[in-house]
Structures are given as structure tokens and as C-alpha cells.
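Remarks on the overall topology
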Amino acid sequence: MLKELTVVVGGQIYAPEILDQKNIFIEGGKIKKISTDKPPNHAKIINADGLLVIPGLIDALVHGGGGRHTMTGDPEDVAHIARTHAKHGVTSVLMATSSAKIEEIEVSLAAIAHIVDNPIKNGANVLGSYVEGKFGCLEKCGAQNPDTMSPPNFEELHRMWEHSDGTLKVISIAPERDPDLVFTKHLSEQSAENYNDIVVALGHTNASYDLAKSAIDNGITRATHTFNGMSGMHHRQLGVLEAVLASDSIHAELICDGQHVAPIWGKNLIKMKGEEKVGLVSDCLEFAGVPAEQWQQDFIWQPKINAWQSRKEPERYIRNGAMWNDVGTEVETLYGSKITLMEGLRNVIGWGIPLNKAVMMATLTPAQNLRIDDKKGSISEGRDADLVLLSPDLEVRLVLINGHSIEI
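To start, this report covers the structure provided alongside it. Keep in mind that what you see is a predicted model, and the values were worked out from it rather than measured.

Remark: helix α3 (residues 154-163) packs on helix α4 (residues 182-194), axes separated minimally by 12 Å, with the N-to-C direction vectors making an angle of 30°. On the basis of the axis angle, α3 is roughly parallel to α4. The interaxial crossing formed by α3 with α4 has right-handed handedness. The residues of α4 that touch α3, namely those facing F154, L157 and W161, are V182, F183, H186, L187 and N194. When its residues are assigned to classes, the contact of α3 with α4 shows six nonpolar, two polar and no charged.

Take a look at the structure:
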């Protein structure tokens, strides 16, 4: 009996490197080969003529989508978020938690783990969880709740690890709250053997340049939403940002909504570090992927501050594609974005970044930092058949996850 064979025919392939016109042969959910061979008669043909073919996007910092968020502890909410992002070309996600009581984080991690262990139809692959904010510092809490932040400690780590069923993938810390970097060193040294290749990140930190560099030298490999929630950007008083810019080993997340980071600084980050060290993220909240007419039913227009005010939570607003707290006050704070990563990809291309480089920062680069590039992040033989077919104006036409087309 012949195995089911699907062949994507035609189209311009960004793998993310640009390939000559070739056909992509898919079998058993994997890319079998990429060649000019003619498909056999029994193959299912996907015609990509006139379209762009890119790897499925990997969004490694997602707090919600489709009107739901990750902290409810309900696996169906996690599943709904995964389905929402899949429709927008994101085939793999990390679900992030926010600073909260440890019991609340535990139930959230358990819900995420349930979907990791039980993949859903028409949903993005949930790669695991991302603990953000819990081990941050109060001075750089941003929209995280400072009352529930705590120094990095093994008791809470082990509780979170247990409830995540070993699916905790990224944990963000402020190194100034980790005396002698004991926590950092332990996780980095034991990552492969005991923590399923967990990635340790700098985030919500007011550390000095020297301390941040020391933390990087001791195993931190990622920067949580670069520029946001970190010290630095001064010509003499150097901080975490300068350590991130100066360190080739650091993967720098870039929120690409054009609000968290001004385009001029986003472009300069990419120029300074290169597309192989910058990973695009949405850092999105529950309104990602929600049609404007739907969220406008939940928000009231406030013309004096040019923002949408929540009917349920009056301190939160939508303005210029992002969520804000306390708009118009002295403590106005960015709360998170409402874009999908595909919208962010279009933004970055609009900044003048070439398509192939932008695609790399949303696919292969995050896959390499998460140590899953042997399976995801590129269109190459043996990798998972996670593909997105785009129109020339970058609208999603078809999404394949593990070789199966999903409903969009």
C-alpha cells in the first residue's frame, strides 16, 4: 500500500534561504525531499503557483489570542489560542505565563502541558511554556504584577517544573535577584540532562552591564523582549541592553508591533546582531487574531486619549495596535501587543528588511535558540512539514501543520 504523498508544486520557496523553483514532497508529516522531480500520479497536489512558500512561523512569546489568555488554567483556552494563531500562519507557539501567585502559575502550566501532550486538530504545535515575570525585579516589572514577583528559587522552580510535566521551555530571570548566579548556573549546567533543554533568559531586569555579561557567560542565552523591561540605553551607564548587543551568544527577542520598539531601533537591533540572533515575537494578549469589529464591542472609544477603553477593565486600553495601562496618566505602561506574528512579519518587511531575512527571524532563528531546529524552522529534508503559503502581499492562503492543511 502506497503511503500518502503530498507535493507542493510551484511557488517561490523561502526556506528561509531562497530556493530555485522546486517541488516539496511531504510524507508522514515530514518533508521527504525538495527537488524538480515530477510528482507521481498517486500524489495529492497543492498548487502554489504565484504564491510564496515559507516555513511555519514560530512565535515563542504568546500570552493569548482569539479572545482568551493563558492564565485561566483551562486547557480549552490553550487549545483555542493555538487554533487562533495557526489560522495566521503560526505553526508553533510557546505559551507564556505572567507574574502571579505560584498556585495560579501552576494551573496555567498544567493546562499548557495538557495540550503539549495532546496536540489538537487545526492548532499550532504548542512547544511548551514560557515563565515570564515571576523571577523579575520590581524596578522593571512593567505590566507584570510586582506583588507576586520573587527571587529565583528552587522551591518554586521545582513546583513549576512538576506541574508543567517537564514542558517548561523558557524561564526568564533578573540576575540581580540571583545571588552569585547559583540559580542561573544550575539551570544552564543541568539544562540538557535534567530540564529537557530549558532556555534561561534575561528579563524584567535592572542589572548592571557587568552582571548581565556575567550571567550570559554563565549560561543565559536569550533576552526577553529586548529594550522592554531592561536597564540600559545610555552612553555611560551601561546595562542589560548593552550586554545583549555586545554578546554574540544571546538570542534577542524583538516585539514587532512597532509600538514596543520603534522601527528605527528594531532595524538597528537587526543590523547590529544580524537576523541569525534576533527572533521576532508577538508578546500578544487575548485580542490577537480577533477581528476589529469584535473587540470594538468590548471596548469603548475614548476620543480625548485616542484609545479604546475596556468595558470590563477601565484601566486597560487598546491604542495603535497595542494594549496599555493607565493611558494619559504619569504611570502609563505598555501592557502587551494585539498582533499576530504574521502581522509582525509584515511590519518588519515594511521597515525595509528583506523578506528572506524577516522570515528567518520568525522561523529558523527561534528554532535554533529553542534547540528544535532539527525538526522545525526551515523547509529542508527530514524536518516537520510545517508550511505557509502566502500571496505576494503576504496574506495567508494555506497553512500546513505536520503535512495536514488546517482550516483558516
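The alternating pattern of strand β20 (residues 316-319) places R316 and I318 and Y317 and R319 on opposite faces, both of which are buried. Sheet topology places strand β19 (residues 307-310) next to β20; two bridges connect them, and they run antiparallel. Bridging across to β20, Q309 finds its partner in Y317. Where β20 and strand β21 (residues 322-325) come together, four bridges link them in antiparallel fashion. Opposite R316, over in β21, you have N325 as the bridge partner. Where β20 hands over to β21, the hairpin turn is made up of two residues, of which N320 adopts a positive phi near 55°.

Moving on, we get to helix α7 (residues 263-273). For α7, the complete set of buried residues consists of G266, L269, I270 and K273. Angular distribution of buried residues about the axis of α7 spans 95°; they occupy a single face of the element. Of the exposed residues in α7, the ones pointing more than 90 degrees away from its buried face are I264, K271 and M272. Among the residues trailing α7, G274 stands out with phi positive, at a value near 85°.

What counts and how
- Residues numbered from 1 in each chain as written.
- Predicted model: local features only at pLDDT ≥ 70, side-chain atom pairs only at ≥ 80, totals over all residues.
- Heavy atoms only, no water.
- Axes fitted to C-alpha atoms, helices over the stretch in contact; angles between N-to-C directions.
- Helix = DSSP H or I, 4+ residues; strand = E, 2+ residues; numbered from the N terminus.
- Parallel < 35°, antiparallel > 145°, perpendicular 65-115°, else oblique.
- Left-handed = near helix turned anticlockwise from the far one by under 90°.
- Contact = heavy atoms within 4.5 Å.
- Nonpolar A, V, L, I, M, F, W, Y, C, P; charged D, E, K, R; others polar.
- Buried < 20%, exposed > 50% of the residue type's maximum accessible area, 1.4 Å probe, protein only.
- Pairing = 2+ DSSP bridges.
- Arc of directions from axis to C-beta.

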